[in-house]
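# Inside the fold
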Amino acid sequence: MSNYIVLVKQVPDVARITDNAFDPETGNLIRSRLASVINELDAQALAFAWRMKEISGDRNARIICLSMGPPMAAEVLRYGLSRGADGAVLLTDRALGGADTPATANPLAHAIGKIRDEMLSGDQDYFVVCGMQSVDGDTAQVPPQIAEELGIACVPYAIEVEFADGRFRFHHIIAGGTQVVEVLRRPAVITIAKYDYPLYASFAATRKANRSTLVQWGADDVKPTAMGNPGSKTRVIRVFPPPKTNRLCRRLESVAELAGILRQALAKEADPAADAETGPARYQLPNRRSSWLDRSFEGTDKECADFKYLAELLAGLGIRGIEQLDSEEKLAQVRGKVLALEDLRLSPKIVTEMLTGLAQRETAYQGEVWVMAEQEGGALNAATFELTGKARELADSLEVPLGVVLPGRQVGALAPELIAAGADKVYLLEHPLLAEFDPLSYRRAVAELFKAHQPQILLFGATPQGRVLAPLVAYRVGCGLTADCTELAIRDNTRKGQLAVMMQTRPALGGNVMATICSRNSSCQMATARPGVMQRLPADSARRGEVIAWPVELSEADLSFKVLDKRRGGDKVDFACEVIVGGGKGLSSRENFVELLDDLVAAVGAKFQVKAGKGASRAAVEQGFAGRAFQVGQTGTAVGPKVYFAVGISGAIQHMIGVAASRTIIAINSDPQAPIFKQCDYYLVGRAEQVIPELIGVLGS
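Residues numbered from 1 in each chain as written. Predicted model: local features only at pLDDT ≥ 70, side-chain atom pairs only at ≥ 80, totals over all residues. Heavy atoms only, no water.

This next bit is on the overall build of the protein. Per the secondary structure count, the protein includes 19 helices and 31 strands. For 701 residues, the compact-globule formula gives about 27 Å, and the C-alpha radius of gyration of the protein, at 27 Å, lands near that figure. Burial status across the protein gives 57% buried among its 701 residues. Taking the contacts inside the protein whose residues are at least 6 apart along the sequence as the reference set, 72% of them involve residues at least 24 apart. Accessible surface computed for the protein: about 29500 Å², of which carbon and sulfur atoms make up 48%. Taken together, the 78 basic and 81 acidic charged side chains of the protein have centroids lying 2 Å from each other. (Helix = DSSP H or I, 4+ residues; strand = E, 2+ residues; numbered from the N terminus. Rg over C-alpha atoms; globule rule 2.2 N^0.38 Å. Buried < 20%, exposed > 50% of the residue type's maximum accessible area, 1.4 Å probe, protein only. Contact = heavy atoms within 4.5 Å. Areas by Shrake-Rupley, 256 points an atom, 1.4 Å probe, with all protein chains shown as cover. Lys, Arg positive; Asp, Glu negative; His and termini not counted. Charge placed at Lys NZ, Arg CZ, Asp CG, Glu CD.)

The next subject is the packing of aromatic side chains. By the definition in use, this model includes 13 aromatic pairs. Each ring, one from F48 and one from F170, has its centre 6.4 Å from the other, and the planes form 20 degrees; the classification is stacked. Highlighted residues: F48 in helix α1 (residues 40-56) and F170 in strand β8 (residues 167-174), separated in sequence by 122 residues. Ring plane angle 45 degrees and centroid distance 4.8 Å describe the contact between W370 and Y427, whose orientation is recorded as tilted. Within this pair, whereas W370 is found in strand β14 (residues 369-372), its partner Y427 is found in strand β18 (residues 425-430), the two being separated by 57 residues in sequence. Across the pair, exposure class does not vary: W370 and Y427 are buried alike. A cation over an aromatic ring shows up here: R536 above the ring of F385, its NZ or CZ 3.8 Å from the ring centre. (Phe/Tyr/Trp six-rings, centres within 6.5 Å; stacked < 30°, edge-to-face > 60°. Lys NZ or Arg CZ within 6 Å of the ring centre and 35° of its normal.)

One finds L66, I115, I146 and M526 to be the most contacted residues of the largest nonpolar core, which totals 60 residues. A total of 8 residues in this core trace back to one element, the largest contributor, which is helix α15 (residues 466-477). Setting aside residues no more than four positions away along its own chain, M526 makes contact with F450, L458, F460, V473, A474, V477, C479, G480, L481, T482, Q504 and S519. Of all hydrophobic cores here, the second largest spans 41 residues; its members include A49, M52, A85 and I192. (Core = buried A, V, L, I, M, F, W, Y, C linked by side-chain atoms within 4.5 Å.)

Taken together, the 6 strands give an open sheet; going across it, the order is β13-β31-β30-β29-β27-β28, and neighbouring strands pair in parallel fashion. The sheet terminates laterally at β13 (250-251) and β28 (612-616), the two strands that pair on one side only. Running at roughly 150 degrees to strand β29 (residues 643-647), helix α7 (residues 255-267) makes contact with β13, β27 (579-583), β29, β30 (664-669) and β31 (682-685) of the sheet. Against the sheet, helix α16 (residues 590-608) engages β27, β28 and β29, with an angle of about 155 degrees to β28. (Pairing = 2+ DSSP bridges. Axes fitted to C-alpha atoms, helices over the stretch in contact; angles between N-to-C directions.)

Another aspect to go through is the pattern of salt bridges. If the charged atoms of two oppositely charged side chains come close together, the side chains can form a pair. For the structure on display, the rule yields 36 salt bridges. Its salt-bridge partner being E54, residue R51 comes within 2.6 Å of it at the nearest N-O pair. Here the residue R51 and the residue E54 both occupy positions in helix α1, the gap between them amounting to 3 residues, near one helical turn. Judged by its relative accessible area of 24%, R51 falls in the partly exposed class. Overall, E54 belongs to the partly exposed group, its relative accessible area being 38%. Two residues, D125 and R186, come together in a salt bridge whose shortest N-O distance is 3.5 Å. Here D125, found in the loop between α3 (101-118) and β6 (126-131), pairs with R186, found in the loop between β9 (177-183) and β10 (188-192); they are 61 residues apart in sequence, far enough to count as distant. Note on D125: relative accessible area 19%, which makes it buried. Residue classification places R186 among the partly exposed positions, given a relative accessible area of 29%. (Salt bridge = Lys/Arg side-chain N within 4 Å of Asp/Glu carboxyl O.)

Ordered in space as β11-β5-β4-β1-β6-β10-β7-β8-β9-β26, the 10 strands form an open sheet in which the pairing is mixed. The strands lining the two open edges of the sheet, one partner per strand, are β11 (215-217) and β26 (561-567). Strand-to-strand, the axes of this sheet are offset by a mean angle of 35 degrees, without reference to chain direction. As defined by bridge partners, strand β7 (residues 153-164) adjoins β10 across 4 bridges and the pair is classed as parallel. Among the inter-strand pairings, V155 is bridged to a residue of β10, identified as I190.

What follows concerns the side chain of K53. Mapped onto the fold, K53 is located in helix α1. If we skip the residues at most four places from it in the chain, K53 touches Y4, D58, R59, A61, I63 and D86.

What follows concerns the packing of α7 against helix α19 (residues 688-700). Close contact between α7 and α19 brings their axes to 9 Å; oriented N to C, the two are set at 60 degrees. One finds that α7 runs oblique with respect to α19. Classified by chirality, the crossing of α19 by α7 is right-handed. Contacts from V255, L258, A259 and L262 of α7 reach α19 at V691, E694, L695, V698 and L699. The residue makeup of the contact of α7 with α19, split by class, is 8 nonpolar, no polar and 1 charged. (Parallel < 35°, antiparallel > 145°, perpendicular 65-115°, else oblique. Left-handed = near helix turned anticlockwise from the far one by under 90°. Nonpolar A, V, L, I, M, F, W, Y, C, P; charged D, E, K, R; others polar.)

Here the focus is the confidence of the model for the protein. Per-residue confidence for the protein averages 91 on the pLDDT scale, and 93% of its residues sit at or above 70. Contacts of residues 272-278 to residues separated by more than four positions or lying in other chains number 0 contacts, the stretch itself having pLDDT below 50. (pLDDT = per-residue confidence, 0-100.)

Okay, the side chain of E298 next. Within the secondary structure, E298 is located in the loop between α8 (272-278) and α9 (301-316). The side chain of E298 sits in the buried core without any salt bridge; R295 is the nearest counter-charge, 4.2 Å away.

Axis separation between α9 and helix α11 (residues 348-358) bottoms out at 11 Å; the angle between their running directions is 80 degrees. Judged on the interaxial angle alone, α11 and α9 are roughly perpendicular. When α9 is examined against α11, the residues D306, F307, L310 and L314 are found in contact with a partner set consisting of M354, L355 and L358. A class-by-class count of the residues in the contact of α9 with α11 yields 6 nonpolar, no polar and 1 charged.

Attention now goes to the pairing of strand β22 (residues 498-508). Burial analysis of β22 places 11 of its 11 residues in the buried class, the great majority of the element. Taken together, the 6 bridges between strand β21 (residues 487-493) and β22 define a ladder with antiparallel strand orientation. Residue pairing for β22: R491 is matched across the bridge by V501. Hairpin connection between β21 and β22: a loop of 4 residues separates the two successive antiparallel strands, and G497 in this loop has a positive phi of roughly 75 degrees. Sheet topology note: the β22/strand β23 (residues 513-519) ladder contains 5 bridges and is antiparallel.

Moving on, we get to α15. Residues three or four positions apart in an α-helix share a direction because the helix packs 3.6 residues into each turn. Helix length check: α15 (12 residues) gives 16 Å between terminal C-alpha atoms against 16 Å at 1.5 Å per residue, within 8%. Buried residues of α15: G466, R467, V468, L469, A470, P471, L472, V473, A474, Y475 and V477, and no others. (Expected span 1.5 Å × (residues − 1).)

Attention now moves to unusual backbone geometry. Looking along the chain, the bond that leaves R186 and enters P187 is cis, with omega of 10 degrees. Here P187 shows up in the loop between β9 and β10. Despite not being glycine, D165 shows a phi value in the positive range, around 55 degrees. Relative to the helices and strands, D165 resides in the loop between β7 and β8. The backbone of N521 sits at a positive phi, close to 50 degrees, despite the residue not being glycine.

Here it is in structure tokens:
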């Protein structure tokens, strides 16, 4: 029978972040000022592994906890030992610090191999069980990249497990529903999206855990091939507090006032021209600017200001173009003149880097800009069109073609939609084994196309599919990846000699901080982008493009699991609405959810002559109030209506990510302290059973 290796991580307690946690000079987070706890999804993964052991009936199966971190991470391993784990390994070494996800996955994969060989007697029948992401990174990259390093299958977003006929069956989240699958071979990585089966520590187990001697390994023990900062393929440009919310967070005192606000919100039209005016200027390649010394597209405001200052100094010395910097001798002469200036406010090192960077002619990356398309049942999802809109902007700035990669079975009929949405080329990856999304078969097809064409940018949607496929492809082709981006922009990093690189900004620590990241040591810049934050371009049926059918060779050996069942509940859900009424666990029952929300949807649609629809939080879906297809949020569907009603929804970050593109958010909740009240435009404190019938009455009068 199987054994279980559970990955656990010690993370900052994001619930306790205050302004004091940031360095006032740099804006960087000071982690030492935060308490540490076990990553919640890893605690659920431990419970999931314990459940697998229990239902298999194998008393001899072992559960081994593994953590990589500083010595203080031993606390989370003792947590695991006190809750049923049979052993614990701490991988700790200063050489492992400062790692991004591939440089984290690699040492962990080598440690798993050592656990297999030395603690499980070389037994290949094991599962690696871990949370789908960690709260301090909000990524789902490490588990799939561990699977890729080990050459094993990966089942993402598991929420339940069964045992029948000597095999495990995993229920896992897919877009708009769930699947039931069996892995075709072991070992395999299982990532946990949600599992409410708590484990409790007894007094005796806690005492035993505190007295236990942990196995401790360093880098020399596991011999990783990539680790720490040198092995990382991304680097952080800056970390900064998130901007203050632009939501109004205004409390309403009556249902009549709520009805008035709804009327105003639906009457108000967005002004695209105004948005364009306030947005950043579009990037221009240096040879398109009025002066080669113009560096107004650097990654930070400070660097822009420094280069403007240097350009003024150079102009005073009669230096105005790259031809005066295009040799080592000329560079040395100019550097000497600048350093000889009185009251120079830049250090010699910085001056040298800036001048060397100004002499750089070539962009850091070459090739096309690509988007990974997603389709289901012959229809492209909204995230694909959003990404194509952003990628069109990036490709135009770089003056290169935009390609869209479209995998599936007989999907060629979708190519004209992608061309109309902005693509210059559509790469068709068609094969019968691509009919259903399987991480390994899709990874192989996409990676082989990638190696043949070498794009400079490849974007994925941060969807259940994209969040597992992107890290697999990135690790396989040796490129960095930034997950869950909310902003993508082409900028220069002149001091590092990099022109026209993609700066990728994303939330971290549960949305409490923002980080801007760029790729390094990579032939391509890869990112996943959160649905709902990019803008789709209007379709242009007159556009012409090229459809390229790329040969795909796959066999059954390229599949990771067998699909036993797909459950969508028969729901036909259309979120392309002007008003969406989302219901949460606070509605208390399925009857309340159906009756109250359906009545409100009908009343709003009839009153304002708009298309209205219904959605649900993940908690409501898990309570059985609605089918998985209705789920809105990070592991559901991102929406962007004119008005989003959040009824009985607490406001978890995963849900708010999915509704962030909504123009107006109105919340109804009986809890005066509901977190959503700090993330919406208007809110009314009250019970939905009272507020909604009264609101319907006001709308009908």
